[in-house]
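Architecture and fold: a report
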Amino acid sequence: MVKPSINIRMDEDVAAPEPEPAPKITKAATVAIDKSDRLASATEFNRIWKAGLERVGIGEDSPGLNGEADGTGWATSTEPKNEADMIALAKKLNPVVGFWDPLQIVTSETRPETIGWFRQAEIKHGRVAMAGFVGYLVQSNGIYFPWDIQKAVPGTSITDSLPTISFADISAAGGPADQWDALPTAAKAQILFVVGFLEMWSENSVILEADGNKHYVRGGKPGVFPSFKNRLPHPVPLDLFDPFGFTNKLTPEQKEKKLLAEVNNGRLAMIGMFGVICASKGLIVPGLDTLGIKPYAGEIMAPFTAADASLPFVAEMAKNIGTYGWN
């Protein structure tokens, strides 16, 4: 039997198989990936919303308001929870004044939930007052954005009748309070809606716990505002609190020191904010009543006027403006 022979010629190059080209990421694929990320964020948002409803007793098998009704959150919390803790905190904030509580809000019988609520309220109002006081100074000095706040949108007939209003028009209305009254009704509604959303977001225990925190009446740290990232159906690149991450590298000691400074600055800003408002109503405020603050004839406590009567109940509310004896 003759075996077949196999001849291999080494002088000829054997062509190697060409590798398959790498798959290209097309525009459609990119959109699909983007939709996947948005779907994941939307799913997380729905989970948070449903869990929040369960916490407040609207959903099924609710454990009670904010959960942890047995107080276990405070058992392990390092936040001030009694009168002694608040006295120590007051001395850190202002060693000269110390603990000054003429309304007897904090006593030996005050519950830790109450202390947490008042601390959160002070920090939040202090932050709003700091922003508000700076804004009051800016608006009082005629500083404004150089574009329109409202105008007709080209290519649509829905906004054809919408009058053009610029930031300069708003600034020319008078002082900061008059400028608020001069805003279009839709602008006021949008601002209040955003404020309401921020309140809802910051008060949700499930969202706070996703960041490793607890609600401030359950032993959590007051003043914490949870992140937006990967929790909403659309991308949010920056958070409300510390959007650029300046505090990420601070030590706990440094953060505590800055929070104490923030509380003190917030207290001063609240006094300043009430001072300029009172001066705008013609009251004598030492140091402020001679600065030429523009007077305001409207109602400070009324977010809407008769010009906003297109909103529900506003027309009836506007009838009472100026009838309570302090206008």
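For every chain, the first residue of the written sequence is number 1, and numbering continues from 1 onward in sequence order. Per-residue local features of the predicted model are confined to residues with pLDDT of at least 70, and side-chain atom pairs are confined, for both listing and counting, to 80 or more; whole-chain, interface and lining totals are unaffected and use all residues. Side-chain calculation: all heavy atoms of the structure are included, whereas hydrogens and water are not.

1. As for the nonpolar core
With 8 residues, the main nonpolar core is built from M86, L89, L93, V106, I115, I123, L260 and V263. If one sorts the elements of this core by residue count, helix α3 (residues 83–93) sits on top with 3 residues. Contacts are assigned to residue pairs that have any heavy atoms within 4.5 Å of one another. If we skip the residues at most four places from it in the chain, L93 touches L260, V263, N264 and R267. Definition used in this section: a nonpolar core is a set of buried Ala, Val, Leu, Ile, Met, Phe, Trp, Tyr and Cys residues joined via side-chain atoms within 4.5 Å. Each residue gets one of three labels from its accessible area relative to the maximum for its type: buried under 20%, exposed over 50%, partly exposed in between, using a 1.4 Å probe on protein chains only. By the criteria applied, helices consist of DSSP H or I runs no shorter than four residues and strands consist of E runs no shorter than two, each listed in order from the N terminus.

2. What to know about the pattern of salt bridges
Any carboxyl oxygen of Asp or Glu within 4 Å of a side-chain nitrogen of Lys or Arg constitutes a salt bridge here. If you walk through the whole model with that rule in mind, you get 12 salt bridges. Here E199 and K124 are joined by a salt bridge, their closest N and O atoms 2.9 Å apart. On the criterion of sequence distance, the pair formed by E199 in helix α7 (residues 185–203) and K124 in helix α4 (residues 112–140) is long-range, its members being 75 residues apart. Across the pair K124 and E203 runs a salt bridge, and its minimum N-O distance is 3.7 Å. Placement of the pair is K124 in helix α4 and E203 in helix α7, with a sequence separation of 79 residues.

3. A short note on empty space enclosed by the protein
Grid points spaced at 1 Å over the protein atoms alone were grouped into cavities, where a 1.4 Å probe fits but cannot get out, and pockets, open sets with protein on both sides within 12 Å along at least five of seven lines, with lining residues defined by an atom within 4 Å of a point. Grid points are joined across faces, edges and corners, and a volume is the space filled by probe spheres set on the points. Taken as a whole and judged by the stated rule, the model has 1 cavity of 30 Å³ or more. Size it by volume and the largest cavity reaches roughly 40 Å³. The wall of the largest cavity is formed by Q120, S202, L208, K214, Y216, K221 and V224. In this count, Pro and Cys sit with the nonpolar residues alongside Ala, Val, Leu, Ile, Met, Phe, Trp and Tyr, while Asp, Glu, Lys and Arg are called charged and the others, Gly among them, polar. Partitioning the lining of the largest cavity into residue classes produces 3 nonpolar, 2 polar and 2 charged.

4. Observations concerning the packing of aromatic side chains
Note on aromatic pairs: the rings of Phe, Tyr and Trp (six-membered ring only in Trp) are paired at centre separations within 6.5 Å, and the planes decide the class, stacked below 30 degrees, edge-to-face beyond 60, tilted for the rest. As enumerated under the stated definition, the model contains 9 aromatic pairs in all. Relative to W147, the ring of F145 has its centre 5.0 Å away and its plane inclined at 10°; by these criteria the two rings are stacked. Judged by centre distance (6.0 Å) and plane angle (40°), the ring pair of F244 and F246 falls under tilted. Judged by its relative accessible area of 64%, F246 falls in the exposed class. Aromatic ring contacts, followed pair by pair, group F197, W201, F225 and F228 into a single cluster.

5. Side note on the environment of A131
Here A131 lies in helix α4. Taking the C-alpha atoms as reference points, A131 and A269, separated by 138 residues in sequence, lie 8.6 Å from one another.

6. Some remarks on the confidence of the model for the protein
A score from 0 to 100, pLDDT tells how confident the predictor is in each residue. Per-residue pLDDT for the protein averages 83, and the proportion of residues at 70 or more is 77%. Mean pLDDT per element in the protein: helix α1 (residues 27–55) is the minimum at 56, and α3 is the maximum at 97. Predicted confidence is poor over residues 27–33, with pLDDT under 50, and the contacts of this stretch with residues over four places away or in other chains come to 1 contact.

7. Points about the packing of α3 against helix α9 (residues 252–280)
As a packed pair, α3 and α9 sit with axes 10 Å apart at the nearest point and diverge in direction by 80°. Regarding the angle of α3 to α9, the classification is roughly perpendicular. On the side of α3, the interface is formed by L89, K92 and L93, while α9 contributes E256, L260, V263, N264 and R267. Residues that form the contact of α3 with α9 fall into these classes: 4 nonpolar, 1 polar and 3 charged. Axes here refer to lines fitted to C-alpha atoms; in helices the fit is confined to the stretch in contact. Angles between the N-to-C directions go from 0 to 180 degrees. We call two directions roughly parallel when the angle between them is under 35 degrees, roughly antiparallel when it is over 145, roughly perpendicular when it lies between 65 and 115, and oblique otherwise.

8. Some points on α9
The first and last C-alpha atoms of α9 sit 41 Å apart over 29 residues, in line with the 42 Å expected at 1.5 Å per residue. Along α9, the residues that are buried comprise L260, E262, V263, G266, A269, G272, M273, G275, V276, A279 and S280. Two residues or fewer past α9, G282 is found with a positive phi of approximately 90°. Multiplying 1.5 Å by the residue count of a helix minus one yields the expected span of that helix.

9. Digging into the packing of α4 against α9
One way to put it is that α4 packs onto α9 with a least axis distance of 7 Å and a crossing angle of 55°. Viewed along their axes, α4 and α9 adopt a mutual orientation that is oblique. Helix-helix and strand crossings are classified by hand; for α4 and α9 the assignment is left-handed. Residues E122, I123, H125, G126, R127, A129, M130, G132, F133 and Y136 of α4 form the contact with α9, whose own contacting residues are L259, E262, V263, N265, G266, R267, A269, M270, G272, M273, V276 and S280. Residue composition of the contact of α4 with α9, by class: 11 nonpolar, 7 polar and 4 charged. Working rule for handedness: look at the near helix, and if it is turned counterclockwise from the far one by less than a right angle, call the crossing left-handed; if clockwise, right-handed.

10. Looking at the environment of K151
Here K151 lies in the loop between β1 (148–150) and β2 (165–166). Along the backbone, K151 and L162 are 11 residues apart, and their C-alpha atoms lie at a distance of 6.0 Å.

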